[in-house]
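So the chains spell out like this:
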Amino acid sequence: MRLFVLGASGGVGSSLLEQAAARGHRITAQTRTAGRITETAAVRVAIGSPVNRAFLERHIGGQDAVVQCLGIDGIGRTSLFSDATGALLPVMKAAGVNRLVAVTGVGAGETHGHGGWLYNRIIFPLFTRNRYADKDRQEALIEQSDLDWTIIRPAPFATKAVPGSLQVRMAVRN
């Protein structure tokens, strides 16, 4: 499978690259910063902005699927997620690429309020509310598209296993 990965140099994206390459997929990995991703036989690096439609047009054609795992570090207002999605959807449609997987996070869409007491009462209002407002706009754009899509809303990642049960909440249309 040929994958175009937006946000490939972040935590989720780099983990995805490693796992997809190990499974034999060919990946075009988008990053905004040169040197953050190493090219391999399975991974071709594409340096550019995820909101730049001309950049997306150069790289989307011939892909089997697009995986969006963009992230930001700041706590201020952002439109990165919805702007990138707004640029991406018509490019995918024009190129005949119908499969989109978008990684957003717990706090977006119908998972708002499912982060637990600490997250819902402290982290969300102080640190992540602006990014999740934009992730809500991103998800609405995806849900209104006619693509086959999956939205994945993971909770924060940990490097070691945590005790207890997990809840899986995904939105899918295919």
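For the structure, check the block above.
Numbers given to residues run from 1 along each chain, matching the order in which its sequence is written. Two thresholds apply to this predicted model, a pLDDT of at least 70 for residue-level local features and 80 or more for giving and counting side-chain atom pairs, whereas whole-chain, interface and lining totals are computed over all residues. Note: side-chain values were computed over all heavy atoms of the structure, leaving out hydrogens and water.

A.B. asks: An account of the pairing of strand β5 (residues 99-103) is needed here, citing residue identities and associated values.
C.D. replies: For every residue, the accessible area (1.4 Å probe, protein chains only) is compared with the maximum for its type, and the residue is labelled buried under 20%, exposed over 50%, or partly exposed between those bounds. A run of H or I in DSSP counts as a helix once it spans at least four residues, and a run of E counts as a strand once it spans at least two, with each numbered from the N terminus. Across the 5 residues of β5, 4 count as buried, placing the element largely inside the fold. Pairing between strands is defined by DSSP: at least two bridges between them are needed. Sheet topology places strand β4 (residues 65-68) next to β5; 3 bridges connect them, and they run parallel. Directly across from V66, in β5, lies its bridge partner L100. Between the parallel pair β4 and β5, the chain is carried across by helix α3 (residues 80-95), and the sense of this crossover is right-handed. Pairing of β5 with strand β6 (residues 148-152), which is carried by 5 bridges, proceeds in the parallel orientation. Note that in β6 the partner of R99 across the bridge is D148. Classification remark: right-handed applies to a crossover when, strands pointing away from the viewer, the course from the first strand over the helix to the second runs clockwise.

A.B. asks: Describe the nonpolar core, listing the residues and the values that go with them.
C.D. replies: In plain words, nonpolar cores are sets of buried Ala, Val, Leu, Ile, Met, Phe, Trp, Tyr and Cys residues tied together by side-chain atoms within 4.5 Å. Within the largest apolar cluster, 23 residues are counted, with the highest numbers of intra-cluster contacts made by L56, I60, V66, L88, M92 and L100. Elements that contribute at least two residues to this core include exactly β1 (2-6), α2 (53-60), α3, β5 and β6. It is α3 that provides the largest number of residues to this core, a total of 8 residues. Between two residues, a contact is recorded if the distance between any of their heavy atoms is within 4.5 Å. Residues within four places of L100 in sequence aside, it is in contact with V66, Q68, L88, L89, M92, I142, L147, D148, W149 and T150. One finds V43, V45, V67 and V103 within the second-largest nonpolar core, a separate group that totals 16 residues.

A.B. asks: Can you explain the packing of aromatic side chains? Please cite residues and give values.
C.D. replies: In this analysis, rings of Phe, Tyr and Trp, with Trp reduced to its six-membered ring, are considered paired at centre separations within 6.5 Å, and the interplanar angle assigns stacked below 30 degrees, edge-to-face beyond 60, and tilted for intermediate values. Scanning the entire structure with this criterion turns up 1 aromatic pair. Their ring planes at 50° and their centres at 6.4 Å tell us that F4 and F55 sit as a pair that is tilted. With F4 in strand β1 and F55 in helix α2, this residue pair connects regions lying 51 residues apart in the sequence. Cation over ring: K135 sits above F81, and NZ or CZ is 4.9 Å from the ring centre. Note on criteria: charge over ring means Lys NZ or Arg CZ within 6 Å of the ring centre, with the direction from the centre no more than 35 degrees off the ring normal.

A.B. asks: Can you break down a nonpolar patch on the surface residue by residue, with the values?
C.D. replies: Patch rule: a residue counts if its relative accessible area is over 30% and it has no salt bridge; like charges are joined within 9 Å, and nonpolar side chains (Val, Leu, Ile, Met, Phe, Trp, Tyr) within 5 Å. Computed with a 1.4 Å probe, the accessible areas rest on the Shrake-Rupley method; for each residue, only the protein chains presented here act as cover. Salt bridges, as used here, are contacts in which a Lys or Arg side-chain nitrogen is within 4 Å of a carboxyl oxygen on Asp or Glu. On the surface, I75, W117, L118, I122, L126 and F127 cluster together to form a nonpolar patch covering roughly 630 Å² of accessible area. By relative accessible area, which is 55% here, L126 ends up exposed.

A.B. asks: Summarise the side chain of E139; cite the residues concerned and give the values.
C.D. replies: Locating E139 in the fold gives a position in helix α4 (residues 117-144). A relative accessible area of 2% means that E139 is categorised as buried. In terms of polar contacts, E139 uses its side chain to reach the side chain of R153, at 2.6 Å. Distance and chemistry together define a polar contact, namely a pair of N or O atoms within 3.5 Å, with one atom able to donate a hydrogen and the other to accept it when in protein, and with adjacent residues in sequence counting only for side-chain atoms on both sides.

A.B. asks: Before we move on, can you summarise the pattern of salt bridges with the specific residues and values?
C.D. replies: Summed over all chains, the structure comprises 5 salt bridges. Between R2 and D64 there is a salt bridge, with the nearest N and O atoms lying 2.8 Å from each other. Residue R2 is located in strand β1, and its partner D64 is located in the loop between α2 and β4; the two are separated by 62 residues in the primary sequence.

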